[in-house]
Amino acid sequence: MGLLTSSVFQRREAWGYLWVLLLRGIGWTTWVFLSVAILKYSNNSVGCTAKGYEMTWNATMNRTQTEDEANIAEVDCEGKIDFLGTSMTPSTAIPFTTSIGILITTLMAPIFGAIIDRTSIRKLWTFVSLAIFVGTNAIQIFATADNWIFMLCMQNFVGRLGFTMHVACVAAYCTEIAEGEEEIVALQSAGRVIETGAMVGTLFMTIIGSTVLGFGTDVGATATFAQALATAFSVPIFFYSYARFEERPALNKTEGNILIAGWVQLFNTAKALYSDNRYLFQYLCGLSFCDGANGNVFVLFPIYAMLQVKLENPALFTGLAMIVCIPGALLTKGVATSIGIRKQLGNILLSNALINAALAGLIYQEGNVLGVLIVALSFGLTIGGTYPMQKGMYMRLIPAGQEVEYQGLYNFFSQILGPLPSAWFVFCEDNSVGGDDSMRVGMLALIVFYLFAFLLMSYSMNEEAAREKIKDTLHKRIRPKMMVGETSSKVSMTPTF
């Protein structure tokens with residue numbers, strides 16, 4: 001396979017990285033099905049259908065309308081839920097908890113970085129965090145209409161926390177696995193294809209399995225099946241990938257409370273970065289807008305498709321976006337090799353802004369399946385290339401010997417603005433900003449975020465100057481040279497827990 005011909009894949013840890021992304025792709029996909037089920041549960045709890053129409057009392061038949069009957073009536077539901085002490089429309093429960101979850105993980109990011117950076121158990125933390133993520137999926141097998149609030153909080157608070165810590169741990173290995181732009185692009189692109197392939201495979205297995213089992217339109221049963229499927233595949237992959245990684249020594253000495261040290265380290269790193277390498281600092285500011293939008297696309301898109309366009313199963317369109325992430329990553333790899341990472345990243349960010357403009361500006365009529373399909377496929381192509389490009393460029397710009405420290409900074413900046421798009425969406429929906437077009441207005445924040453990301457990360461970014469700032473540090477970088485199947489003579493590869 002051409003994607004795996006790079007020399008980076010002769011290293012044991014590169015394959016461990018790919019196996020981990022395979023697991024993450026499986027687990028992340030099931031959240032889509034769970035979110036659709038929770039959206040239905042939240043609506044039903046206040047007498048609304050999954051499409052947001054009101055279930056009114058039918059005096060003639062002496063019963064409550066069915067969902068299909070209420071959908072035909074097309075009377076918008078005004079019901080409110082009491083969610084975590086706040087009254088809100090059912091459609092805003094998911095983006096509300098998402099914004100809180102992102103805020104929590106943002107505050108914890110520096111602490112993760114300090115723990116990984118100042119202890120010699122990076123490998124252990126890598127898989128403890130992954131175990132939290134897998135365990136959350138296992139618990140959500142039991143999600144029902146009675147416990148959907150608890151399960152939503154588990155998803156966005158506990159599962160997201162484990163996922164974010166795991167991303168920080170794994171990304172810290174990447175700079176020590178890949179050498180040079182070609183290997184970085186190859187590793188990141190292959191990782192994106194593997195992760196997306198896992199998403200697509202899980203999507204189809206869930207759809208086919210739920211059909212065979214006769215679940216039909218029962219999104220709750222489908223979500224349960226998806227979580228059980230993900231757990232069954234994740235556990236063996238977890239142990240297999242663990243054996244591919246090596247432990248790392250602590251890169252910094254622990255002085256004082258390690259939790260406080262995380263925030264002190266973050267502040268000092270950011271301050272020094274602003275003084276010594278403003279180009280990289282500018283890039284991180286752009287990243288905060290880019291990931292602030294990326295993190296909300298797949299949260300808001302299903303809600304918008306179901307409640308604004310009134311589609312039956314938005315998870316299917318989200319799945320289609322995942323499918324074309326694979327050709328998106330492959331196409332990006334080829335283009336970036338010829339024009340450079342920075343220019344290709346700029347192309348992608350501008351495309352994302354235009355796609356969101358099309359979604360909010362043009363795709364709002366009820367039943368516009370073709371419009372949503374076009375947007376979903378366009379999203380997949382661009383999102384598929386976003387992550388490998390933005391991470392690949394950052395890996396080229398950070399100084400050697402401070403990989404974990406700068407990865408903590410990356411995680412912090414990538415999440416600091418994440419709550420804002422969801423919070424804006426919640427505000428617009430709960431306060432009817434724009435009247436009947438409140439959801440369309442709520443989506444506009446994504447356009448603004450992508451435009452700022454383009455200006456800071458590509459258009460005005462001086463990549464050559466940023467690389468010049470770190471050239472004297474590159475000799476410090478750890479480079480494992482193990483071939484696939486070999487084991488280091490210095491570090492045991494046997495799991496210790």
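Because the structure is a prediction, the values reported are computed rather than measured.

(A) Structural context of the overall build of the protein. Helix and strand counts for the protein stand at 17 helices and 4 strands. Among the 497 residues that make up the protein, the fraction classed as buried is 58%. Here the analysis covers contacts within the protein between residues at least 6 apart in sequence; of these, 81% occur between residues at least 24 apart. Entry remark: accessible area of the protein is about 19,400 Å², with carbon and sulfur atoms responsible for 64%.

(B) Main features of the packing of aromatic side chains. Under the criterion given, the structure shown has 19 aromatic pairs. Between the aromatic rings of F9 and W15, the centroid separation amounts to 6.1 Å while the plane-to-plane angle is 65°, which identifies the pairing as edge-to-face. Judged by relative accessible area, which is 4%, F9 ranks as buried. Grouped by ring-pair contacts, the aromatic residues F127, F238, F239, Y242 and F245 constitute a single cluster. Between the NZ or CZ atom of R244 and the centre of the ring of Y240, over which it lies, the distance is 4.5 Å. Lying over the aromatic face of Y53, K310 brings its terminal NZ or CZ to 4.4 Å of the ring centre.

(C) Broad picture of the environment of G384. Residue position: G384 is located in helix α13 (residues 369-397). Taking relative accessible area as the criterion, G384 reaches 0% and is therefore assigned buried. Residues G384 and P327, spaced 57 residues apart in sequence, show a C-alpha to C-alpha distance of 7.6 Å. Residue contacts for G384: discarding those within four places in its chain leaves R192, C325, G328, A329 and F379.

(D) Broad picture of unusual backbone geometry. You will see that S432, though not glycine, has its phi angle at about 50°, which is positive. Mapped onto the secondary structure, S432 falls in the loop between α15 (419-430) and α16 (438-459).

(E) Just the environment of D146, in detail. By the element assignment, D146 lies in the loop between α4 (122-139) and α5 (148-177). The class for D146 is exposed, based on a relative accessible area of 79%. Separated by 105 residues in the primary sequence, D146 and Y41 place their C-alpha atoms 8.4 Å from one another.

(F) Expanded view of the state of the cysteines. All chains considered together, the criterion is met by 1 disulfide. A sulfur-sulfur separation of 1.9 Å characterises the disulfide bridge that pairs C48 with C77. Its torsion about the S-S bond being -55°, the disulfide of C48 and C77 is classed as left-handed. In this pair, C48 is assigned in the loop between α1 (12-44) and β1 (57-58) and C77 in the loop between α2 (67-73) and β3 (81-83), connecting sequence segments 29 residues apart. For the pair formed by C48 and C77, the shared burial category is buried.

(G) Highlighting the pattern of salt bridges. Considering all chains together, one arrives at 4 salt bridges under this definition. For R396, the salt bridge goes to E463, with nearest N and O atoms at 2.5 Å. Pair noted here: R396 is in helix α13 and E463 is in helix α17 (residues 463-468), with a separation of 67 residues, a long-range link. Assessed through its relative accessible area of 15%, R396 is described here as buried. Look at E463 and you get buried, because its relative accessible area is 7%. Across the salt bridge formed by D437 and R440, the nearest N and O atoms sit 3.3 Å from each other. Here D437 falls in the partly exposed class, since its relative accessible area comes to 32%.

(H) Up close: the side chain of S91. Residue placement: S91 occurs in the loop between β4 (86-88) and α3 (93-118). Side chain to side chain, S91 and E429 meet in a polar contact 3.5 Å long. Contact partners of S91, with chain neighbours within four places excluded, come to L39, I303, L307, E429 and M439.

(I) Broad picture of a negative patch on the surface. Among the surface-exposed residues, E54, E74, D76, E78, E366 and D436 lie close enough to one another that they form a single negatively charged patch. Summarising the element assignment, D436 is placed in the loop between α15 and α16.

(J) Representation of a nonpolar patch on the surface. A cluster of nonpolar side chains, V448, F452, L455 and Y459, forms an exposed patch at the surface whose accessible area comes to about 410 Å². Its location among the elements puts F452 in helix α16. A residue is classified by how much of its surface remains accessible, and F452, at 40% relative accessible area, is partly exposed.

(K) Representation of the confidence of the model for the protein. Mean pLDDT over the protein works out to 79, with 88% of the residues at or above the 70 mark. Within the model, the stretch residues 481-497 combines pLDDT values under 50 with 34 contacts to residues more than four positions away or in other chains.

(L) Highlighting the packing of helix α9 (residues 278-307) against helix α12 (residues 341-362). It is at 12 Å that the axes of α9 and α12 come closest, and there the two elements cross at 35°. By crossing handedness, the relation of α9 to α12 is classed as left-handed. Seen from α9, the contacting residues are Y283, C290, N294, F301 and Y304; seen from α12, they are L345, L349, N352, L359 and A360. When the residues that make up the contact of α9 with α12 are grouped by side-chain class, the tally is 8 nonpolar, 2 polar and no charged.

(M) Region of interest: the environment of R192. In this fold, R192 is placed in helix α6 (residues 180-212). Taking the C-alpha atoms as reference, R192 lies 9.3 Å from L22; in sequence the two are 170 residues apart. The residues touching R192, leaving out its near neighbours within four places in the chain, are C325, A329, I383, G384, Y387 and P388.

Conventions adopted
- Residues numbered from 1 in each chain as written.
- Predicted model: local features only at pLDDT ≥ 70, side-chain atom pairs only at ≥ 80, totals over all residues.
- Heavy atoms only, no water.
- Helix = DSSP H or I, 4+ residues; strand = E, 2+ residues; numbered from the N terminus.
- Buried < 20%, exposed > 50% of the residue type's maximum accessible area, 1.4 Å probe, protein only.
- Contact = heavy atoms within 4.5 Å.
- Areas by Shrake-Rupley, 256 points an atom, 1.4 Å probe, with all protein chains shown as cover.
- Phe/Tyr/Trp six-rings, centres within 6.5 Å; stacked < 30°, edge-to-face > 60°.
- Lys NZ or Arg CZ within 6 Å of the ring centre and 35° of its normal.
- Disulfide = S-S within 2.5 Å.
- Salt bridge = Lys/Arg side-chain N within 4 Å of Asp/Glu carboxyl O.
- Polar contact = N/O pair within 3.5 Å; in protein donor to acceptor, adjacent residues only side chain to side chain.
- Patch = residues over 30% accessible without salt bridge, like charges linked within 9 Å, V, L, I, M, F, W, Y side chains within 5 Å.
- Lys, Arg positive; Asp, Glu negative; His and termini not counted.
- Charge placed at Lys NZ, Arg CZ, Asp CG, Glu CD.
- pLDDT = per-residue confidence, 0-100.
- Axes fitted to C-alpha atoms, helices over the stretch in contact; angles between N-to-C directions.
- Left-handed = near helix turned anticlockwise from the far one by under 90°.
- Nonpolar A, V, L, I, M, F, W, Y, C, P; charged D, E, K, R; others polar.

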